[in-house]
Amino acid sequence: MGFMTYVLLVMLPSIAITGWAAWRVRSAYSKWSKVDSGINMSAFDFARRLLDHQGLHDVKIEPVQGQLTDHYDPRGKVLRVSSAVSGRPELGSFDPNEMALGVPGGERLSVAAAAVIAHEVGHALQDRERDPWMAVRQTIVPVAQFGSSIAPWLIIGGLIFNFLNLAWIGLFAFGAAVVFTFVTLPVEIGASGKALAFVGNLGMMGERQVGAREVLKAAAWTYVAGALTALLTFLYYLFLLMGRRD
Ligand SMILES: [Zn+2]
């Protein structure tokens, strides 16, 4: 298989899948960041309230710069809320092109911002409940990081210099990175399921709940896209190596 096969079977489909997922996230966020959630709280107060409701008093909340950088850190037990979601760009450097999910001023929450925060609280709850998928995910992290950064070089280098054993080691490590992207899916979908229950309990019903679901679904598709493109690349490397067997 040559370069053109790679372009047609791996590169173009990967760009298409990733682009489609990114477009979905953008359109869902831009639509639902304009709709008021009806929750009259700042992003930080809302996060605190949801965490306390779940008995997660020990989880800290910190601001983080950027958009879609919101995350829960299981090692530090910290939930980080992005400036885009909190509507408080003064906490970081403000980029006027940045997609604002929060209402400027930050004292009211959009449907999109509420959904993102509830999703991260979902991760914090998974951590406390010792979610098995999250545990597996944490275990694979080191191999997966090695696999996604160095493994492609081992594979390509092994093929070029005819060190096939090295290439197979690289493929094995890259496989761990692929497994990681797939194990991420139940973790993400689980956190979104919890998030929808949280916002429902706080009175975000009807249209607003539909909006929250749309935002979370779009975000989940980006993880599906990541897993599929990783798998495509893995299969391509596998075929390359199989072709060298004789
Ligand atoms: Zn998540």
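None of the values given here were measured: they were computed from a predicted structure. (Residues numbered from 1 in each chain as written. Predicted model: local features only at pLDDT ≥ 70, side-chain atom pairs only at ≥ 80, totals over all residues.)

## Details of the nonpolar core
Step number 1: Residues Ala114, Ala115, Ile117, Val121 and Val215 are the most contacted members of the largest nonpolar core, which totals 55 residues.
Step number 2: Residue contributions to this core peak at 14 residues, all from helix H7 (residues 164-201).
Step number 3: If we ignore the near neighbours within four places in the chain, the residues touching Val215 are Ala28, Tyr29, Trp32, Ala112 and Ala115. (Core = buried A, V, L, I, M, F, W, Y, C linked by C-beta atoms within 7 Å. Buried ≥ 20, exposed ≤ 12 C-beta atoms within 10 Å, placed from the backbone. Helix = DSSP H or I, 4+ residues; strand = E, 2+ residues; numbered from the N terminus. Contact = placed C-beta atoms within 7 Å.)

## Some thoughts on the pairing of strand S3 (residues 78-82)
Step number 1: Counting buried residues along S3, four of its five residues qualify, which places the element largely inside the surrounding structure.
Step number 2: Inspection of the sheet shows strand S1 (residues 60-64) paired to S3 by five bridges, in the parallel sense. Residue Glu62 lies in a different strand from S3, and its bridge partner there is Arg80.
Step number 3: Across three bridges, the pairing between strand S2 (residues 71-73) and S3 is antiparallel. Looking at the pairing, Tyr72 lines up with Leu79 of S3.
Step number 4: Once S2 ends, the chain turns through four residues before running back antiparallel as S3, passing Lys77 with a positive phi of about 55°. (Pairing = 2+ DSSP bridges.)

## Brief notes about helix H4 (residues 111-128)
An α-helix turns once every 3.6 residues. As a result, residues three or four positions apart point the same way.
Step number 1: The end-to-end C-alpha distance of H4 is 26 Å, a good match for the 26 Å that 18 residues give at a rise of 1.5 Å each.
Step number 2: With respect to burial, H4 is a largely interior element, 16 of its 18 residues being buried.
Step number 3: Backbone geometry just downstream of H4 places Arg130 in the positive-phi region, at approximately 50°. (Expected span 1.5 Å × (residues − 1).)

## Focus on the environment of Leu9
Step number 1: Here Leu9 lies in helix H1 (residues 3-32).
Step number 2: Leu9 gets classed as partly exposed once you count the C-beta atoms within 10 Å, which come to 15.
Step number 3: Separated by 224 residues in the primary sequence, Leu9 and Thr233 have C-alpha atoms spaced 9.2 Å apart.

## Focus: the sheet that holds S3
Step number 1: Read across the sheet, three strands follow the order S1-S3-S2 without closing on themselves; strand pairing throughout is mixed. Looking at the sheet topology across the chains shown, the edges are occupied by S1 and S2. Across the sheet, the mean angle from the axis of one strand to that of its neighbour is 25°, orientation sign disregarded.
Step number 2: Sheet strands touched by helix H2 (residues 43-53): S1 and S3. Its angle to S3, the strand with the most contacts, is close to 150°. (Axes fitted to C-alpha atoms, helices over the stretch in contact; angles between N-to-C directions.)

## Description of the environment of Trp153
Step number 1: Following the sequence through the fold, Trp153 ends up in helix H6 (residues 151-160).
Step number 2: Through-space distance from the C-alpha of Trp153 to that of Val121 is 37 Å; in sequence the pair is 32 residues apart.

## With respect to H6
Step number 1: Listed in full, the buried residues belonging to H6 are Ala151, Leu154, Ile155 and Gly158. Buried residues of H6, viewed axially, fall in a sector of 95°; they line one side. Of the exposed residues in H6, those oriented more than 90 degrees away from the buried face are Trp153 and Ile160.
Step number 2: Contacts from the buried residues of H6 go to helix H5 (132-149), H7 and helix H8 (206-243). (Arc of directions from axis to C-beta.)

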